[in-house]
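Geometric and topological summary
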Amino acid sequence: MSEQKKGTPLLDELEKGAWPSFVKEIKKEAKRPMVRDLLGVLERSYEEKIGHWKHGGLVGVMGYGGGVIGRYCNLGEEFPEVAEFHTLRVNQPAAWFYTSDALRKLCDVWDEHGSGLTNMHGSTGDIIFLGAKTEELEPTFSGLTEAGFDLGGSGSDMRTPSCCVGPARCEWACYDTLNACYDLTQQFQDELHRPMFPYKYKFKFAGCPNDCVASVARADMSIIGTWKDEIQIDQKEVQAYAKNGTDIQKEICDLCPTRCMDWDGQKLEIDDAECVKCMHCINVMSKALKPGQERGAAILIGAKAPIIGGALLSSVLVPFIEMKPPYEDLKELTEAIWDFWGEHGKNRERVGEFIQRVGLGAFLDEIGLEPVPEMIAHPRSNPYIFFEEDLEEEDEDE
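Residues numbered from 1 in each chain as written. Predicted model: local features only at pLDDT ≥ 70, side-chain atom pairs only at ≥ 80, totals over all residues. Heavy atoms only, no water.

With that out of the way, let us pick up the overall build of the chain. Secondary structure assignment for the chain yields 16 helices and 17 strands. Taking the principal axes of the C-alpha coordinates as reference, the chain spans close to 80 × 60 × 40 Å. Considering the chain as a whole, with its 398 residues, one finds that 46% of them fall into the buried category. Relative to all contacts within the chain whose residues are 6 or more apart in sequence, the contacts with residues 24 or more apart total 64%. Each charge class in the chain was averaged separately, 42 positive and 69 negative side chains, and the resulting centres sit 11 Å apart. (Helix = DSSP H or I, 4+ residues; strand = E, 2+ residues; numbered from the N terminus. Buried < 20%, exposed > 50% of the residue type's maximum accessible area, 1.4 Å probe, protein only. Contact = heavy atoms within 4.5 Å. Lys, Arg positive; Asp, Glu negative; His and termini not counted. Charge placed at Lys NZ, Arg CZ, Asp CG, Glu CD.)

Overall, antiparallel pairing links the four strands, which are arranged β2-β4-β6-β5 in an open sheet. Edge positions in the sheet fall to β2 (68-69) and β5 (117-120), since each of these pairs with one other strand and no more. The pairing of β2 with strand β4 (residues 86-90) spans two bridges and is antiparallel. If you follow V68 over to β4, its bridge partner there is L88. Relative to strand β6 (residues 127-132), helix α5 (residues 100-113) is tilted by about 15°, and along the sheet it contacts β4, β5 and β6. (Pairing = 2+ DSSP bridges. Axes fitted to C-alpha atoms, helices over the stretch in contact; angles between N-to-C directions.)

Moving on to the side chain of S162. Inspection of the secondary structure assignment puts S162 in strand β7 (residues 162-163). With a relative accessible area of 2%, S162 lands in the buried category. Leaving out residues up to four positions away in the same chain, S162 has contacts with Q92, W96, T124, C181, F203, K204 and F205.

Look at α5: 20 Å from first C-alpha to last across 14 residues, which is about the 20 Å you get at 1.5 Å a residue. On its buried side, α5 packs onto β4, β5, β6 and α6 (137-146). (Expected span 1.5 Å × (residues − 1).)

This brings us to the nonpolar core. Residues Y201, F205, I223, I337 and F363 are the most contacted members of the largest nonpolar core, which totals 40 residues. Secondary structure elements with two or more residues in this core: α7 (177-187), β8 (203-206), β9 (221-227), β14 (295-301), β15 (315-321), α13 (328-344), α14 (351-358) and α15 (360-367). No other element matches α13, which puts seven residues into this core. Those residues within four positions of F205 in sequence are excluded, and the remaining contacts are P161, S162, C163, C164, Y175, T177, A180, C181, L184, V213, I223 and L330. Core analysis: the next-biggest nonpolar cluster, separate from the first, contains 23 residues, V238, I248, C281 and I282 among them. (Core = buried A, V, L, I, M, F, W, Y, C linked by side-chain atoms within 4.5 Å.)

With that out of the way, let us pick up helix α10 (residues 235-243). The opening residue of α10, the one whose side-chain oxygen lies 3.2 Å from the backbone nitrogen of K236, is D234. After α10 finishes, the residue G245 shows a positive phi value of roughly 110°. (Polar contact = N/O pair within 3.5 Å; in protein donor to acceptor, adjacent residues only side chain to side chain.)

Time to look at unusual backbone geometry. Cis geometry is found at the peptide bond from M120 to H121, where omega equals 15°. Its location among the elements puts H121 in the loop between β5 and β6. Across the junction of P325 and P326, the peptide omega takes the value 10°, indicating a cis bond. For P326, the position within the fold is in the loop between β15 and α13. Its identity is not glycine, yet A95 carries a phi of approximately 65°, on the positive side. Along the chain, the position of A95 falls in the loop between β4 and α5. The backbone of K277 shows a phi angle near 60°, a positive value even though the residue is not glycine. Turning to its location among the elements, K277 is positioned in the loop between β12 (268-270) and α12 (280-284).

Because side chains alternate across β8, one face comprises the buried residues F203 and F205, and the other comprises K204 and A206, equally buried. In terms of strand pairing, β7 meets β8 through two bridges, oriented parallel. Bridge assignment links C163 to a residue of β8, and that residue is F205. Examined bridge by bridge, β8 and β9 share four bridges and lie parallel to one another. Looking at the pairing, F203 lines up with M221 of β9.

Moving on: the packing of α13 against α14. The N-to-C vectors of α13 and α14 enclose an angle of 75°; their axes lie 11 Å apart at closest approach. As summarised for this structure, α13 and α14 are arranged roughly perpendicular, according to the angle between their axes. Every residue of α14 that contacts α13 at I337, F340, W341 and H344 is listed here: V351, F354, R357 and V358. Residue composition of the contact of α13 with α14, grouped by class: six nonpolar, one polar and one charged. (Parallel < 35°, antiparallel > 145°, perpendicular 65-115°, else oblique. Nonpolar A, V, L, I, M, F, W, Y, C, P; charged D, E, K, R; others polar.)

So this is what it looks like as structure tokens:
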């Protein structure tokens, strides 16, 4: 008996409850044979408590090594429409800004060549087209190109860069995240489409330390907006917050991680030398406080999810860099990292794991970057690099 005749009782359970259901969304496209077979495979997976998908395989479009992820089902004879169910990653516009016309063009391409199922967006940031047969990959790519879109990254390459909304809608952006994201995407087209690295490499651009793209937890290189001078304070607005019920001592000063703020009931003072740019005070009193005027970005490196090894959060590599086009310093640093990691990295070794293996001192020597005190594993407690000049002076004293 086919899955369509006996129904999908286990999947039906997932439509119940307060939360949105992916099953409900899939069923909207169930008039398509490919989607009906997908529901059948999913129901079988829940019945047998095993997956029926095989990942990988040599599949793609002409000239590109990345952007298409091979998906095959081991129940292909029973569910022939999903024997091949390839995924395409489509390079999203910076900060996910679309016109209605652009979205319609994407949907038209996918309605013609694929399952009609999309994921807006994947964890890397791409537009995800779920479910295409091998013979439809080239026509889909052609249709996307005509509509002004390109494939994103997949495999051991530079993954599609993504950024927060930045100055387009956020007053706290310390640099133009959209421009930087677009510029580096254009600069590194070969690295995006032709896998040549030991493993994946992700850029994420956050306009301020709020890090709305979660780069600290996910990006091999995080470019996070920051400032060098003093936080801008409007004392009249601070007093207005206090008058309107904000307990500045309790809600602001006492929650400052470095206790660098003081409130005497009339005036708020900040010891900016001790500020770690956590953004808490600015978030709470957005009318009274805002980032300083000397703005740029901090470059962090080495984050990853727990796939091969454990999870890593990124660490500071460059405390402050001016983020102005054409971003030559950032590009030179990136290429130096790729050269060293590309030559000596192990298969499926992310750059953060590579730094742990070779040591940060050796890594900095090879990429030509001077060590600075901000390069620490645990803030304010545990330096994990050595300053060779200091060591030489100690040896001379002995």
